[in-house]
Structures are given as structure tokens and as C-alpha cells.
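Fold and contact review
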Protein chains: 2
Amino acid sequence: MVARAREGEARAIGRLISQVEDDAPQLREVMAALAPHAGGADRADRGAHVVGLTGSPGVGKSTSTNALVAELRRRDLRVGVLAIDPSSPYSGGALLGDRIRMSEHATDPGVFIRSMAARGHLGGVSRATPQALRVLDAAGFDVVLVETVGVGQSEVEIARLADTTIVLLAPGMGDGIQAAKAGILEIGDVYVVNKADRDGADQVRRDLRSMLALAERREGAWKPPILKTVASEGTGAAEVVDAVDAHRAWAEESGELGRRRVRRARDEIEAIAMAALRERWGAVDEGGRIDELASSVIAGDADPYAAADRLLGE
Amino acid sequence: MVARAREGEARAIGRLISQVEDDAPQLREVMAALAPHAGGADRADRGAHVVGLTGSPGVGKSTSTNALVAELRRRDLRVGVLAIDPSSPYSGGALLGDRIRMSEHATDPGVFIRSMAARGHLGGVSRATPQALRVLDAAGFDVVLVETVGVGQSEVEIARLADTTIVLLAPGMGDGIQAAKAGILEIGDVYVVNKADRDGADQVRRDLRSMLALAERREGAWKPPILKTVASEGTGAAEVVDAVDAHRAWAEESGELGRRRVRRARDEIEAIAMAALRERWGAVDEGGRIDELASSVIAGDADPYAAADRLLGE
């Protein structure tokens, strides 16, 4: 299956990603088989460029993704899309699935689209997504777009694993943008004001520009551009892809790309290690060693730090 | 400071919670000093009843919190309020802070209100909140309301640490409610349709009732009531508090309260243990042992599972 995925067979890729989602027992071997093809280890470039795309509900993420995919295809690049749905810890991402079936790119063999639900557990996005990226990278995609709605901490999580992060905004979103501002100022490499044909688009751009100007940046740091698009008409998509390319070039040259990829791999290793520990802690005896410690904390016999020490001392 | 917090001095309580938020070095000793007073260990009851309150943006969480606090005060109970802001990983929760200063209860010595920002890191809510609850519990509050907007996984996190979870809905929220449904059906102990004087409230209630009827419940399981309120006028708050009391009584009798508290303590111990491991992994040598492993994963020399094994083998 790994070999077929490497040849770009969509069904094999899809099944590997399902194994990632289900945390299947054979995932270990799959990842071992993919390892030699990771991160451009066997490619002239440095592997798939991971582009995160995030924004509040209603800014036009789906249409923007479609417009970007169309532009990337025009440049003859193979594109993977992972649509992460953080609001569906239980549903398996059915809402996004519906959208994807309607996508104009659903039948293009150079495009692979997949929706993933963030699991009910903490770290859902960060645990499964890097492994899905690993599959798409080994399958030879040039660009992988990871799209998620910017609610809760999901936008921060996506930014942590992307090589380049696009933050989408739109006029007329009112409080939503205000509330989101604090977070998005720290994560965007490229800002896009979508629905630029509507009233207020220039105001959004001006507000954003003055806020970004306040942020301190080191010398030689990347200066995030603020672009305008009308994604429903494809307007501006080429400029966005150009800006992503420019950011990638800067990131390679400055070493930032390498740093981000180390961070991504580190997060992934950590998530796997922690899941393994959790399993170990829960399984020591019938109730689990950790349940016993929890009871002693509840009874006031131990504080949680002392209990954590005992857990780690095992 | 612990002694003064135990006497209910608001400033001491606030400073202890700041230490929780800042992950201060002396937090360890603070928690050790609080331990003997945990979970009602030294009280006739079983300690502060933790009530989670969640719902989509716009359902009226702040007004509902205010109405519930007023009703609880009418019953002569001391109330702590923790308002968790999951959308502000960086800001320190300034938005909620503004609201709190305007609260009618801000000057009532029987009420302690505090906003907390979920940190930029994963597990922000689940790591700091249980420790803040520990402070309020030891300070002798009868009820602690933990309020959070139901976006991302924050509602699931809050439900995991509450003794009783209230899910708020409102008519006219459109897709928001639809999208939220899958998650909220699993977490609510008490459902409240707020803004019940508006068109569509009965429809929301009917929809919810038929969806809850589909959920399988074991014999003797709690059957979540669906109440109606107009929080801005205080209408229905007494019924909500009665329902929370009824749930608490059921939870004590059935053993569910004990199970939930074990889970909460377990999550807390785990979060502390994992933070300690993270620190250890990062500090082995200058770049950190984990960075080294991450580099070998990027180079294709190891897969992330093998790297995690090596990390844990240290």
C-alpha cells in the first residue's frame, strides 16, 4: 500500500490516512516504511510545502482553498488538501465531507482532498495531522494545504505545523475579527482580505497593517504581506501563491524552514511518546496506577505535583 | 497567603490563581499546602460543586452566569466564577476582564470572579483550570461556575472537569447550533434554551429533545432536563439551580461524582507529569535531546515512532 501511495494512487493514500485517523496498529510499520521518503530526503526539493490556511467562520475558507488549488494546478503542481474540522470531535467531519464531494477538483488526479475530524481528545489536530502530512509528502505532492477554521486553539496548532501560514480575513465580520486579532497577529506569514469587493475591505486592510506595524520584528525577519482576493471569482489567487512562494524562498534561505520542520517533527514525536506513556500509566493494574494516585489527591493525602512525581518515578 | 485565601480573602485568592496562571515556581508548595483541604477533605460536604457552563458565541453566557450567580447568592451560597477564554492564547483574557469589571457582582464579597486565558500551548485549559479550582475549593466556595465559549475542543475540556455541565442554546443561532449539536449531545447534564422569549425557542427545545431521545442511555442514567430561561431578566435561573442540585444529588448517590472527580484529578496529574517530561526532554543537552531526534526524522533516518521510543528509553 505504501508503494502504491508513493505512485500517487489516491485510494492507497486515502487508506493510509484512514489508518492515521484510526490510530491503526499497523501505523507504526507504515511510518517506518515512509521514513526514507520523508521531507524531501529522496527528492531534489525539500519535500511538500505545507501551507496552513485559517480564518474565522464566514471569511471564505472553502472558496479560497478552491481558488488556490486551481492556481497551483495551473502551475502544474500536485496539491494535497487536508481540511481539519476542530468543531467535530465526534462526527468524523461529515460537514466538511459534504463540501469536498462538491468540489470542482474532486475528480482531478493531481489533487487529493481529505477532511479530518479533530478527535475528542486533546492534541487531536496535532497528533494526526503531521502523520497525514507525512503520507502526502511521501506520495510526492508539491504543496499540501491544511485548512482549518480559526476557533479555539486550532489556528495556533495549524500554524505550528505549517511551513507557511495564510490568515484569511473578510470585511463585515464585526466582533469576530476583533476577537481573533490578538492570536492571528502572531501566526500569519501571508494575510489575505477576502471578499475584497465588499465595503470595508480597505478598512480591514488598514487596521491590520497598523496592528502589524506595532509588532516588533527582528532585522531580516519576514514582513507579512496583506493581499486582497475575491476567492469566489478566483481574483487574487495568483498573488497569494506568489506570496507563499516568496515566503518559502525566504524561509529556506533564512533557516526558518528548517527550524519549523524541526518543531513539527518534535511535536509529533512528543505526541506519540505521550500517548504511549498515557497507555502505560493507565494499564499498570486494573484501575490504573494513575487512578490510585488521583484518589489520594482527592482525599487530600497528596498534592497533584507529588502524585505526578510518583507517576514518573515508576 | 494560603491561610488568608482559606479565610476567603479575595486578594489572596486572586494572587494564588495568578501563580497558577503564571506556572510560578512556588506553585508546588502552594498545592502541597492546599492538599489537606482538597475536595471537601476537611468539610462536611464534598467540597465546591464545579458547574461547567458552555455554549456557542451569542447564546448569552455572560448574562446567564450573572443570573445564576444572583440565584446562588439568594440561597446564601458562596460562588466562584472562572471565565475561560479559549480564543485568547496570547492576550491574557482582556476581553473577559472588561466584562467582569462591569459585573453587578464585582463588589459582593461572597462572589469571586476571575477570567483566565487559555494559553498558547495545548492543554492550556486543562492544565491551569483544575489548579484554579483547587484554590477556590480550598477557599471554601460552595459552587464554582466555569464558563467557556463552546468553540473548538474547549467545551469538551470543560465538561471533563465539571461535576455538572450546563449547555446553553438560543433560538436564531442557525448553523452554529447545527454544527455544535454532535458535541453537545454528549456533554450536557442540564440543557438551557436561553432567550426563551424569542421566536423559535420551542423549536430549539423540541429539536434538542428528539435528538437526546435518540441517545442511548443506561438504566439508572441521568436524564438531562431541558429548561428555558430569559437570563437578561433572571427568569428561569431558580429552575436551573434546582436542576444542578438534582444532578448533584444523583451524581453523589450513583457514584458518578466520585468517578468524575477521579477523572479530573487524573487529568491534572497527567498534565503536570507531561509538562515535567517535556522540560526534561528539552533540556538534556543544549539543543535538547528531542531536537536531535526530530532532525533524524526529518532526514528520513528514523520514523517518529522509533524516535518516540528512543525518547522514552532515556
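In the annotation of an unreviewed UniProt entry, the entry for chain A reads Methylmalonyl Co-A mutase-associated GTPase MeaB, and the organism field reads Nocardioides silvaticus.

Some remarks on the sheet that holds strand S6 (residues 190–193) of chain A
Residues and elements named next belong to chain A. On the basis of which strands lie adjacent, the open sheet formed by 7 strands has the order S3-S2-S4-S1-S5-S6-S7 and parallel pairing. Either end of the sheet is taken by a strand with one partner, and the two such strands are strand S3 (111–117) and strand S7 (226–228). Here the average twist between neighbouring strands, direction ignored, is 20°. Most of the contacts of helix H9 (residues 201–214) go to S7, to which it runs at about 170°, and overall it touches strand S5 (164–169), S6 and S7.

Concerning the packing of helix H11 (residues 256–282) of chain A against helix H11 (residues 256–282) of chain B
In contact at an axis separation of 11 Å, H11 of chain A and H11 of chain B are set at 135° when each is read in the N-to-C sense. One element, H11 of chain A, and the other, H11 of chain B, form an angle in the oblique class. Pair H11 of chain A / H11 of chain B crosses with right-handed handedness. Here Glu270, Ala273, Met274, Leu277, Arg278 and Trp281 of chain A of H11 of chain A come into contact with H11 of chain B, specifically with Glu270, Ala273, Met274, Leu277, Arg278 and Trp281 of chain B. Each residue belonging to the contact of H11 of chain A with H11 of chain B can be placed in one class, and the counts come to 8 nonpolar, no polar and 4 charged.

Here we look at the pairing of S3 of chain A
Residues and elements named next belong to chain A. Among the 7 residues that make up S3, 6 are buried, leaving the element largely enclosed by the rest of the structure. With 7 bridges joining them, strand S2 (residues 79–85) and S3 adopt parallel strand pairing. If you follow Val79 over to S3, its bridge partner there is Val111.

Quick look at the side chain of Thr229 of chain A
Its place among the elements puts Thr229 of chain A in the loop between S7 and helix H10 (237–254). With sequence-adjacent residues up to four places away left out, Thr229 of chain A is seen in contact with Val192, Val193, Asn194, Lys195, Ala196, Thr235, Gly236, Ala237 and Val240 of chain A.

Digging into a positive patch on the surface
Residues Arg206, Arg209, Arg217 and Lys223 of chain A make up a contiguous surface patch of positive charge. By the element assignment, Arg217 of chain A lies in the loop between H9 and S7.

What to know about the pairing of strand S6 (residues 190–193) of chain B
All names here are of chain B. Because side chains alternate across S6, one face comprises the buried residues Val190 and Val192, and the other comprises Tyr191 and Val193, equally buried. The sheet contact formed by strand S5 (residues 164–169) and S6 spans 4 bridges and is parallel. Bridging across to S6, Leu168 finds its partner in Val192. Bridge analysis of S6 against strand S7 (residues 226–228) gives 3 bridges, and the strand direction is parallel. Directly across from Tyr191, in S7, lies its bridge partner Ile226.

A few points about the pattern of salt bridges
Counted according to the given criterion, the structure contains 40 salt bridges over all chains. The salt bridge partner of Arg28 of chain B is Asp309 of chain A, with a shortest N-O separation of 2.2 Å. Residue Arg28 of chain B is located in helix H3 (residues 27–34), and its partner Asp309 of chain A is located in helix H13 (residues 304–313); the two belong to separate chains. Asp309 of chain A gets classed as partly exposed once you look at its relative accessible area, which sits at 41%. A network of salt bridges, in which partner residues are shared, links Glu71, Arg74, Arg75, Asp242 and Asp245 of chain A.

Brief notes about the nonpolar core
Of all hydrophobic cores here, the largest spans 95 residues; its most connected members are Ile13, Ile17, Leu82 and Trp281 of chain A together with Ile13, Ile17 and Leu82 of chain B. Residues within four places of Trp281 of chain A in sequence aside, it is in contact with Gly288, Arg289, Ile290, Leu311 and Leu312 of chain A together with Glu270, Ala273, Met274 and Leu277 of chain B. Counting 24 residues, the second-largest nonpolar core is a separate cluster that includes Val59, Ile113, Ile166 and Val192 of chain B.

What about the sheet that holds strand S4 (residues 143–149) of chain B?
Pairing between the strands of a sheet is mediated by backbone hydrogen bonds and can be parallel or antiparallel. Residues and elements named next belong to chain B. Ordered in space as S3-S2-S4-S1-S5-S6-S7, the 7 strands form an open sheet in which the pairing is parallel. At either margin of the open sheet sits one strand with a lone partner, and together these are strand S3 (111–117) and S7. Neighbour to neighbour, the strand axes of the sheet diverge by 20° on average, direction disregarded.

Structural notes on the environment of Ala231 of chain B
Residue and element names in this part refer to chain B. Topologically, Ala231 is positioned in the loop between S7 and helix H10 (237–254). Considered as a pair, Ala231 and Gly60 are 171 residues apart in the sequence and their alpha carbons are 7.5 Å apart. Discounting residues that sit within four places of it in the chain, Ala231 has contacts with Thr63, Ser64, Ala67 and Asn194.

About the cut-offs
Residues numbered from 1 in each chain as written. Chains lettered and ligands numbered in written order. Predicted model: local features only at pLDDT ≥ 70, side-chain atom pairs only at ≥ 80, totals over all residues. Heavy atoms only, no water. Pairing = 2+ DSSP bridges. Helix = DSSP H or I, 4+ residues; strand = E, 2+ residues; numbered from the N terminus. Axes fitted to C-alpha atoms, helices over the stretch in contact; angles between N-to-C directions. Contact = heavy atoms within 4.5 Å. Parallel < 35°, antiparallel > 145°, perpendicular 65-115°, else oblique. Left-handed = near helix turned anticlockwise from the far one by under 90°. Nonpolar A, V, L, I, M, F, W, Y, C, P; charged D, E, K, R; others polar. Buried < 20%, exposed > 50% of the residue type's maximum accessible area, 1.4 Å probe, protein only. Patch = residues over 30% accessible without salt bridge, like charges linked within 9 Å, V, L, I, M, F, W, Y side chains within 5 Å. Areas by Shrake-Rupley, 256 points an atom, 1.4 Å probe, with all protein chains shown as cover. Salt bridge = Lys/Arg side-chain N within 4 Å of Asp/Glu carboxyl O. Lys, Arg positive; Asp, Glu negative; His and termini not counted. Charge placed at Lys NZ, Arg CZ, Asp CG, Glu CD. Core = buried A, V, L, I, M, F, W, Y, C linked by side-chain atoms within 4.5 Å.

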